[in-house]
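Spelled out from the first residue to the last, the chains are:
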Amino acid sequence: MDAMALLLAATLNAGTVLAFAALGLLINERAGIVNLGAEGMMLVAAIAGFATAVHTGNDWLAFAAGAAAGAILAAAFGLLVIWLNTNQYATGLALSLFGSGFSAFAGIQYTQQKLSERSHFEIPGLADIPLLGPALFRQHPMVYIAIALTLGLAWFLYRSRAGLVLRAVGEAPESAHALGYPVRRIRLAAVMVGGALCGISGAYISVVYTPLWVEGMVAGKGWIALALTTFATWRPTRVLLGAYLFGGVTMLQFHLQGEGVQISSQLLTMLPYLATIVVLVLISRNATWIRVNMPASLGKPFFPGG
């Protein structure tokens with residue numbers, strides 16, 4: 001029972017990292033923009049959040065710093081892609097490479113540092129329930145914020161006028177422009193919000209998930225988050241479920257190693273990435289399903305009046 005509770009708790013913790021980043025990328029893609037720079041944004045946000053936590057001791061300031069770092073990098077990406085019409089894929093890859101190099105340079109002085117003991121959170125009355133208490137009700141508040149954000153985003157996209165406009169910009173930007181909506185500004189705002197959420201994800205990694213700084217510590221989670229948007233067919237609730245699924249696969253490798261299962265550690269380490277590839281292959285077999293759910297203008301430049 002204790003082992004199962006620990007595995008479930010670790011799954012929620014790992015899934016939260018992916019959920020924030022994937023929800024941010026989903027907002028981007030709903031607006032018609034593909035940002036392959038999630039890995040770089042998360043790395044820069046991770047060092048920004050960690051440095052802030054070291055110097056202030058305040059987790060919430062660290063998350064704010066991570067969100068700001070992600071939003072600033074996303075704004076630079078947005079200006080290049082939306083206003084200068086650079087190639088989205090090449091620009092995103094350049095952002096990912098820049099973030100990797102810059103975070104390694106900026107984090108040199110923090111490599112040997114660790115954060116002080118973090119506060120323990122629990123929901124009174126619920127935290128003592130057998131199995132479910134330790135698994136569900138002793139999590140960092142950001143875990144619950146991720147769940148609330150998912151529900152809020154689902155409502156925003158499908159129940160609010162602003163969400164309808166955002167989806168219209170992603171589906172038919174020319175029509176939205178003809179109706180008087182500022183397509184470029186809406187896309188830039190969506191890109192910056194998405195970058196801020198990727199930044200929160202990066203800060204969560206270095207402040208809560210593994211409270212230390214290591215070069216390259218995001219370790220491909222940005223790419224998994226990008227794959228999650230396709231896996232979830234661009235729907236927030238499916239993104240959250242997918243994040244927990246991949247988070248569970250990630251934590252399962254450590255659980256199996258701790259139980260002494262005689263499986264190669266290299267094989268266990270590759271499980272999350274192998275699961276990502278398998279899921280994408282299975283989804284890609286149904287091209288019609290992808291085409292029906294994918295925003296129509298995804299990855300395509302917008303030329304006003306063109």
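To be clear, the structure that these remarks concern was listed above.
Here's a quick rundown of the structure. (Residues numbered from 1 in each chain as written. Predicted model: local features only at pLDDT ≥ 70, side-chain atom pairs only at ≥ 80, totals over all residues. Heavy atoms only, no water.)

Looking only at helices and strands, the protein chain features 14 helices and 0 strands. For the protein chain, the C-alpha radius of gyration of 19 Å lies close to 19 Å, the compact-globule estimate for 306 residues. With the principal axes as the frame, the protein chain shows a C-alpha extent of 60 × 45 × 40 Å. For the protein chain, the residues scored as buried account for 51% of the 306 residues in total. In the form shown here, the protein chain has an accessible surface area of approximately 14200 Å², with 68% of it arising from carbon and sulfur atoms. Averaged over its 16 positive side-chain charges, the protein chain has a centre that lies 17 Å from the centre of its 11 negative ones. (Helix = DSSP H or I, 4+ residues; strand = E, 2+ residues; numbered from the N terminus. Rg over C-alpha atoms; globule rule 2.2 N^0.38 Å. Buried < 20%, exposed > 50% of the residue type's maximum accessible area, 1.4 Å probe, protein only. Areas by Shrake-Rupley, 256 points an atom, 1.4 Å probe, with all protein chains shown as cover. Lys, Arg positive; Asp, Glu negative; His and termini not counted. Charge placed at Lys NZ, Arg CZ, Asp CG, Glu CD.)

Judged by nonpolar contacts, the single largest core of 83 residues is most densely connected at M42, L166, C198, Y204, I205, Y209 and W213. Among the elements that make up this core, the one with the highest residue count is helix α9 (residues 183-209) (15 residues). (Core = buried A, V, L, I, M, F, W, Y, C linked by side-chain atoms within 4.5 Å.)

With that settled, the discussion passes to the environment of P130. Position of P130 among the secondary structure elements: in the loop between α4 (88-106) and α5 (132-136). Sequence-wise, P130 and G195 are 65 residues apart; in three dimensions their C-alpha atoms are separated by 38 Å.

The next subject is helix α2 (residues 38-56). Between its first and last C-alpha atoms α2 spans 26 Å; for 19 residues at 1.5 Å apiece the expected length is 27 Å, and the two agree. Along α2, 15 of the 19 residues are buried, which leaves the element largely enclosed by surrounding structure. One or two steps after α2, the chain reaches G57, where phi turns positive at roughly 70 degrees. (Expected span 1.5 Å × (residues − 1).)

Below, the discussion takes up a nonpolar patch on the surface. Taken together, the side chains of I263, L267, M270, Y273, L274, V278 and L282 present a nonpolar region at the surface, about 580 Å² in accessible area. Among the elements that make up the nonpolar patch, the one with the highest residue count is helix α13 (residues 271-284) (4 residues). Of note, L274 is situated in helix α13. (Patch = residues over 30% accessible without salt bridge, like charges linked within 9 Å, V, L, I, M, F, W, Y side chains within 5 Å. Salt bridge = Lys/Arg side-chain N within 4 Å of Asp/Glu carboxyl O.)

Positive phi outside glycine occurs at A219, with the angle close to 50 degrees. Tracing the sequence through the fold places A219 in the loop between α9 and α10 (221-231). Judged by its relative accessible area of 35%, A219 is partly exposed. Even without a glycine there, the phi angle at W234 is positive, about 60 degrees. As for its placement among the helices and strands, W234 is situated in the loop between α10 and α11 (236-258). A relative accessible area of 2% places W234 in the buried class.

This paragraph deals with α10. Here α10 lies mainly inside the structure; 8 of its 11 residues are buried. Of all the residues in α10, the buried ones are K221, G222, I224, A225, L226, A227, L228 and T229. Positive backbone phi, at 50 degrees, marks T233, one or two positions downstream of α10.

Right, let's get into the packing of aromatic side chains. All chains considered together, the criterion is met by 5 aromatic pairs. An angle of 15 degrees between the planes, with centres 5.6 Å apart, marks the rings of F98 and F102 as stacked. Of this pair, F98 and F102 are both found in helix α4, 4 residues apart, which corresponds to roughly one turn of the helix. Its relative accessible area of 44% is what places F98 among the partly exposed residues. Members of the aromatic cluster, joined through ring pairs, are W60, F63 and Y204. (Phe/Tyr/Trp six-rings, centres within 6.5 Å; stacked < 30°, edge-to-face > 60°.)

This next bit is on the side chain of E29. Summarising the element assignment, E29 is placed in helix α1 (residues 2-30). Although buried, E29 forms no salt bridge, and the nearest oppositely charged side chain, R30, lies 8.3 Å from it. There is a polar contact of 2.6 Å between the side chain of E29 and the side chain of W234. Those residues in contact with E29 that sit more than four places away from it in its chain are L226, T229, W234, P295 and L298. (Polar contact = N/O pair within 3.5 Å; in protein donor to acceptor, adjacent residues only side chain to side chain. Contact = heavy atoms within 4.5 Å.)

As for its position among the elements, T210 is in the loop between α9 and α10. For T210 and K114, which are 96 residues apart along the polypeptide, the C-alpha to C-alpha distance reads 9.5 Å. Excluding residues that lie within four positions of it along the chain, T210 makes contacts with I205 and M217.

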